Amino acid sequence: MAKIAIIGHGVVGSGVAELLIQHADTIRGRAREELDVSRILDLRSFPDLPYADRFTTDFEQIVNDPEISIVAEAMGGLHPAYEFVSRCLEAGKSVVTSNKELVAEKGAALLALAKAHKVNFLFEASVGGGIPVLHPMMQCLAANRFSEISGILNGTTNFILTKMIREHMTFADALALAQQLGYAERNPAADVEGIDACRKICILASIAFGHHIYPKFVHTEGITQIALADVAYADRAGYAVKLIGHADRQPDGRVNALVAPFLIPHGNPLSVVDDVFNAIMVTGDATGDVLFYGKGAGKLPTASAVVSDIIECAKHPQGCDYADWTDGDGSMVCDAAAVPYARYLRCDALTPDAVRAAFGEVQPINGESADETAFLTAPLTDAQLQSAIAAAHASVRSVIRVLAH
Ligand code: HSE
């Protein structure tokens, strides 16, 4: 029998406890031994739960218990999660986590610590909720050189955009519903400002390109500036607006990584990923595009990924060493502002001649209002965009990058 501890009994941690207890028979078969939830760390008490006797408020009872061999960290945040996880690894316990911030900020260090202590540090649940994507990239696609990853990586913002577009719900109401459903971060600014998606593209890019890509080097925009008018113009031009995390390897070997709203052409599979669903498109040189799709947030989808990592730990107590990226620095990431992207632009009304003189050939988008102009440009760097805007004396209402195909 393997004894398990869960750190944090919030949305994810409670889902992990539920799955381990309710699916105990199936899990025993797959792990080849019984997995017993012996301790749950939380500052709150849950007297009505059938497993109320297993709660503790004292981390020392977990880290100092030699019988606990696997710890699931589901408390979120960087501190004290980093200290707790480090101490568990140093104590010879395998750790699994759903904590994107922890992996994006400390992944290289924690992987090295796990390796030194011959235990596992697994984090399938940190990207894409219930979607298996990290293990497939590290194992099933291991023969490939990766060139590009693009994904809808945040369930909350995708849910909000879908509700705004399809049900004309206000941003605030859609966000409140996402919080109620357990999709949003404790501080939902991390969702709507793109920070959560940034952590996830950092984890994916670190796996794909072999060096730790830190969030501070990644250009990050959220969805707070997206207006319903933009969504309507985009639709008319044949595009959907989605918050995308993107990383690709540039010809000089550096990684171009960013999180921003993009106009996605209706023919691209990412354009039809709605609600809380995430989708991650990974391009390998042998396979071409591979698409991963499923529920990207929520209690049981995320717990499913955590529990599968727990089972992996039970089967490989000496550490399976799948993820292996080295530390990285800012020199490995290029300046996203210098990478040309086609742009959607909406501004106070301009004549077609003024637009053409400043931006060259553009694709105009018909609107309903005579007081504004909207169009799609050819690929431009940020500097080229700014000088064209200045040349046209454009009073800009909105600018969004456009994915070419
Ligand atoms: N807040 C995150 C999301 C949770 O909405 O995608 C899953 O990582």
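Preceding this section is the structure that the text describes.
Residues numbered from 1 in each chain as written. Predicted model: local features only at pLDDT ≥ 70, side-chain atom pairs only at ≥ 80, totals over all residues. Heavy atoms only, no water.

### Here we look at the nonpolar core
Membership of the largest hydrophobic core comes to 81 residues, with the highest contact counts inside it found for Phe121, Met137, Leu204 and Ile280. Tallying contributions element by element places helix 10 (residues 195-209) first for this core, with 10 residues. Discounting residues that sit within four places of it in the chain, phenylalanine 121 has contacts with Val85, Leu89, Val95, Thr97, Leu102, Val103, Leu110, Leu111 and Ala114. By size, the runner-up hydrophobic cluster in this structure holds 30 residues, among which are Val16, Leu19, Ile70 and Cys313. (Core = buried A, V, L, I, M, F, W, Y, C linked by side-chain atoms within 4.5 Å. Buried < 20%, exposed > 50% of the residue type's maximum accessible area, 1.4 Å probe, protein only. Helix = DSSP H or I, 4+ residues; strand = E, 2+ residues; numbered from the N terminus. Contact = heavy atoms within 4.5 Å.)

### Quick look at the side chain of serine 94
Within the fold, serine 94 resides in strand 5 (residues 94-97). Polar side-chain contacts of serine 94 include one of 3.0 Å to the backbone nitrogen of asparagine 120. In contact with serine 94, not counting residues within four places along its chain, are Ser69, Ile70, Val71, Val119, Asn120, Cys313 and Pro317. (Polar contact = N/O pair within 3.5 Å; in protein donor to acceptor, adjacent residues only side chain to side chain.)

### Considerations on the site of the ligand
As a structural note, the neighbourhood of the ligand is formed by Lys100, Asn154, Gly155, Thr156, Tyr183, Ala184, Glu185, Asp191, Asp196, Lys200, Gly296 and Ala297. A distance of 3.5 Å is found between an oxygen atom of the ligand and a side-chain nitrogen or oxygen belonging to asparagine 154. The contact in question runs from an oxygen atom of the ligand to an N or O atom on the side chain of threonine 156, over 2.6 Å. Calculation on the ligand without its partners gives an accessible area of 260 Å², and the protein chains cover 93% of this total. (Near = heavy atom within 4 Å. Areas by Shrake-Rupley, 256 points an atom, 1.4 Å probe, with all protein chains shown as cover.)

### Things to note about unusual backbone geometry
That bond from histidine 79 to proline 80 is cis: its omega, 10°, falls within 30 degrees of zero. Relative to the elements of secondary structure, proline 80 occurs in the loop between strand 4 (68-73) and helix 4 (81-90). Positive phi is not limited to glycine here, since lysine 118 has a value of about 55°. In this fold, lysine 118 is placed in the loop between helix 5 (100-116) and strand 6 (121-122). Judged by its relative accessible area of 55%, lysine 118 falls in the exposed class.

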